[in-house]
Structures are given as structure tokens and as C-alpha cells.
Amino acid sequence: MTGLMLTAALGFALLCVMLALIFCGIRLLLGPTAQDRVLALDSLWMAAMLFILLLGIRFSSVVYFEAALVIALTGFVSSIALAKFLIRGEIIE
Amino acid sequence: MRRWLPTPLISLSLLGLWLMLNQTLHPAHLLLGAVIAIAIPLLVAPLRPTPVRVSRPLTVIRLTISSLIEILRSCFNVCTLILFRSRGLNTQFIRIPLDLRDPHGLAVLACIINSTPGTVWVEIIPGTNDLALHVFDLHDANWWVNMIKTKLEQPLIEIFEQEKA
Amino acid sequence: MSGFLSLPMAELSIWLALPIALLLVIGGLITFIGALGLLRLPNFYQRIHGPAVFITVGTGCFLIASMLYFSGTLERPVVHELLITAFVLLTAPVVSMMIMRAAVYRDLRARRKASDDQTDAYQFPEDE
């Protein structure tokens, strides 16, 4: 009974995060400006981290936790680098 | 003691991080974690130019709880705004004069403001001590100024600038 | 997909399963709404507030749910999700501040190029 409830809630959460990933992807493709794309990419990282975390609950495995941690770390570094590039990257003013 | 453990809080959190990463309380890991907790603050000490002094733990706890409540409340607000009123939002930049000068205090303030959905810290305007803040749906600029000054800035001044408070 | 859905989850006591399910549903809804905001709000300065919702609150909900679930199934307290929580709480504000600043500077630069005045005084990007 509780297993069924958990499965249903988890399925719902997975569906929501999947839709969120798709929305972020659409925004990443649409643009229109560079900062929009960087923002969309950052949200895409975070949503992917949440997705992997949920998969970890789904398959009852603690291994997924490390993957989520690594995704959070690399996502932070790459977003900072991209934002920094947007601030300083244009040489000709 | 002072020489080998200049920053007890950082050492404690490093030890906690090591034990959490390994998910164990085994004595060997405790020992290794203790070595890391002592060595790393000493090695990175030259990188931290200004020492930070945190006082009033009760104020820290109160600030944490009140900002958590604020985060949940404004999360709900932003969600309803996105769902039901996404056209005609009054998105504005506002200026908030700050009294807080301590860089660590400002960093914590930036973290809290950016973690709260609906507000984003832009920058401290160069040459002044005013904060440029971006608000998702502005109804009353004075309310925001009051909220930030009394709920967030005042406790941070108490925590980080105890000689002034 | 059917195997994925029919794979039985561990049976937990109802008092643990109920908050986990609730947190999962709330976190899912918040993530969905945040990404929807990113997709359909009209300009960049509004869009930046969409992901902020799910990065703090959605992540918090999922991490607490994961903590409760693993503590229940492995029958020992599992707290290492707190690492991700602390990490996200420390880094997400920095990222949003940097992206906001990039947008502000780029807008200022574009306007300065367009109007060709060399004023260095700070002005908000939406002030005219």
C-alpha cells in the first residue's frame, strides 16, 4: 500500500522534472539573448541533478548521490565561467 | 590551541564533511578527518585576508529560521504569480541604502537575498553603499526597504559588527 | 517502462511514507512551475526569478525526501544529502548574481553604444 503510494508520487515527481528539463531545453534553444541561454543551461544542470537524485530513490541505490554531487559541482563552475565570459568577454566595446 | 586551531568552526565543518562523504564513524576515518580539519585551515590561512568573528549564536539561529520562513513564503508568492498573473508584472530595480559594511556580512546578505525567490542582488553601486536589488513583483518599495533593513540587515550587523551594535 | 513502473518500492511505515510522498509531489510541482516561469515569462529580468524557485525550494524538498527514504530503507540515519543542500545553498546565489550582473552590464553597454554618450554614472538598465 505505502509502496504503491510512493511509486505514484515518485512517478509524478519524475514527470514534473522531465517536463522542467524539456522547458529549460526549449529556452536554451530559443534564446533570444546570450544571458537567457546561460540561465537556461544553469537551470538545466540543476534539473538534471534533481532527476538523478529521484532516480536514486527510484532504484534505492546510494550510488546516484555521488553523480548528483558531481553534477552540482561542475554545473556551478561552468555557469560561473560562462557568466564571467559574458561580463568580460566582449573585447571591442 | 590557538596556533593549531585558528578557526574551530571551519575545522569542525571540514570534519563533518569528511565523515558525511564517507558515511561512517569509523575511528580511522575520524583520525583522517581530524588531520584534514587541522591541516587545511592552516594551509589556506594566507588566502583569507580578513579574519571573521561571528558572535551571538542565538541571533544566527533566529536569522536562519526567519529567512527559511521568508524563502517558503515568497516561493509560494512567486509560484502563484507565475501561474496566474504572468502578464503585467511590475518588475523593478530598487535602491536600498545599506549600513552594513563588513564584507562577510554582505556576502551572507547576498546569499540570503538570492536564495529568496523573487529578489536578485545586482550589485553594490560603485562609489556609494547602496544596494541595487531586482524585485519580481514590486507593490511597495518602502516595504522592501523596511523588510531588508529590519529583518536581514539588523541581525547581520549584530552578528558581524558587534563592536558597532 | 512497465518494468520501471511496476518495480516494487520498499514498504515503509505509513508515517514515513506519507511525508516522503508529500514532499515529492510538492517538489515536483514547484520544479514544474519554476521551469514554466523560465519558459513563458516575457523578458530576461523576469525569467531569472523562475529557476530561483525550484533551485532552492524544489531541491530542498527532494533532498529531504531522499534523506527520509534512505533512512527508512537502510535503517540508519543517512544525512549525506545535506552536503548537496549546503553546496546548492552556497553556490546557487553566486550563479544567479553573476548572470544578473552579466545581463545588466551587457544591457548598459548596448545602450551606451546606441546612444553614444560616455557617461560613467551608474544607471539601472530599465531607467530611461
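Refer to the structure presented above.
Keep in mind that what you see is a predicted model, and the values were worked out from it rather than measured.

Calculation notes
In this convention, every chain numbers its residues from 1, walking through the sequence in written order. All chains are assigned letters beginning at A, and all ligands numbers beginning at 1, according to the order in which they are written. Confidence filtering applies because this is a predicted model: local features only for residues at pLDDT of at least 70, side-chain atom pairs given and counted only at 80 or more, and all residues used for totals across whole chains, interfaces and linings. Hydrogens and waters are ignored; side-chain quantities use all the structure's heavy atoms. Secondary structure elements are taken from DSSP: a helix is a run of H or I of four residues or more, a strand is a run of E of two residues or more, and numbering for both begins at the N terminus. Exposed residues in this analysis have more than 50% of their type's maximum accessible area, buried residues have under 20%, and partly exposed residues fall in between, with area computed by a 1.4 Å probe over protein chains only. By the convention used here, residues are in contact when the closest approach between their heavy atoms is within 4.5 Å. With residues, only the protein chains shown are counted as cover, and all accessible areas are computed by Shrake-Rupley using a 1.4 Å probe. Counting rule applied: Lys, Arg positive; Asp, Glu negative; His and chain ends not counted. The atoms used to mark charge sites are NZ of Lys, CZ of Arg, CG of Asp and CD of Glu. Accessible surface is computed with a 1.4 Å probe, and the buried area is the amount of it that two parts give up when combined, taken over both parts together. In the sections that follow, a salt bridge refers to a side-chain nitrogen of Lys or Arg positioned within 4 Å of a carboxyl oxygen of Asp or Glu. Residues adjacent in sequence count toward polar contacts only when both atoms are side-chain atoms; beyond that, a polar contact is any pair of N or O atoms within 3.5 Å, and within protein one must be able to donate a hydrogen and the other to accept it. Classification used: nonpolar for Ala, Val, Leu, Ile, Met, Phe, Trp, Tyr, Cys and Pro, charged for Asp, Glu, Lys and Arg, polar for all others including Gly. Note: two strands are recorded as paired if DSSP finds a minimum of 2 bridges between them. Think of each axis as a best-fit line through the C-alpha atoms, taken over the contacting stretch in the case of a helix, with angles from 0 to 180 degrees between the N-to-C directions.

Caption draft 1: Looking closely at the overall build of chain B. Each helix and strand in chain B was counted, giving five helices and three strands. Listed N to C, the secondary structure of chain B is α-α-α-β-α-β-β-α in terms of helices and strands. Oriented by its inertia axes, the alpha-carbon framework of chain B measures out at about 60 × 35 × 30 Å. Taken across its 165 residues, chain B has 40% of its residues classed as buried. A separation threshold of at least 6 residues defines the contact pool for chain B, and within that pool the share at least 24 residues apart is 69%. Total accessible area computed for chain B in this model is approximately 9400 Å², and 69% of it derives from carbon and sulfur atoms. Each charge sign in chain B was given a centre, from 14 positive and 11 negative side chains, and these centres are 6 Å apart.

Caption draft 2: Seen up close, the interface of chain B and chain C. Between chain B and chain C, the contact holds 35 residues from the first and 34 residues from the second. Interface area, chain B with chain C, both sides summed: about 3100 Å², of which 71% is carbon and sulfur. The largest per-residue losses of area from chain B upon contact with chain C belong to Met20(B), Ile82(B) and Phe93(B), which jointly make up 21% of the total buried on that side. Along the contact surface separating chain B from chain C lie zero salt bridges. For the pair chain B and chain C, the interface holds five residue pairs in polar contact (both at pLDDT 80 or more). Only helix H1 (8-22), helix H3 (57-84), strand S1 (92-97), helix H4 (103-115), strand S2 (119-124) and strand S3 (130-135) of chain B provide two or more residues apiece to the side of chain B that touches chain C. If one sorts the elements of the side of chain B that touches chain C by residue count, H3(B) sits on top with seven residues. Of the residues that constitute the side of chain B that touches chain C, the class distribution is 24 nonpolar, eight polar and three charged.

Caption draft 3: Quick peek at the sheet that holds S2(B). Residues and elements named next belong to chain B. Here we have three strands laid out as an open sheet, ordered S1-S3-S2, and antiparallel in their pairing. The two strands at the open ends of the sheet, each matched to only one other strand, are S1 and S2. The average angle at which neighbouring strand axes cross in this sheet is 30 degrees, direction not considered. Here S1 pairs with S3 via six bridges, running antiparallel.

Caption draft 4: Quick peek at the pairing of S2(B). Residues and elements named next belong to chain B. Most of S2 is tucked away: five of the six residues are buried. Two strands pair when backbone bridges link them, and S2 and S3 are joined in this way by five bridges, in the antiparallel orientation. Looking at the pairing, Glu-123 lines up with Ala-132 of S3. Hairpin geometry of S2 and S3 is characterised by an intervening segment of five residues between the two adjacent antiparallel strands and by a positive phi of about 90 degrees at Gly-127.

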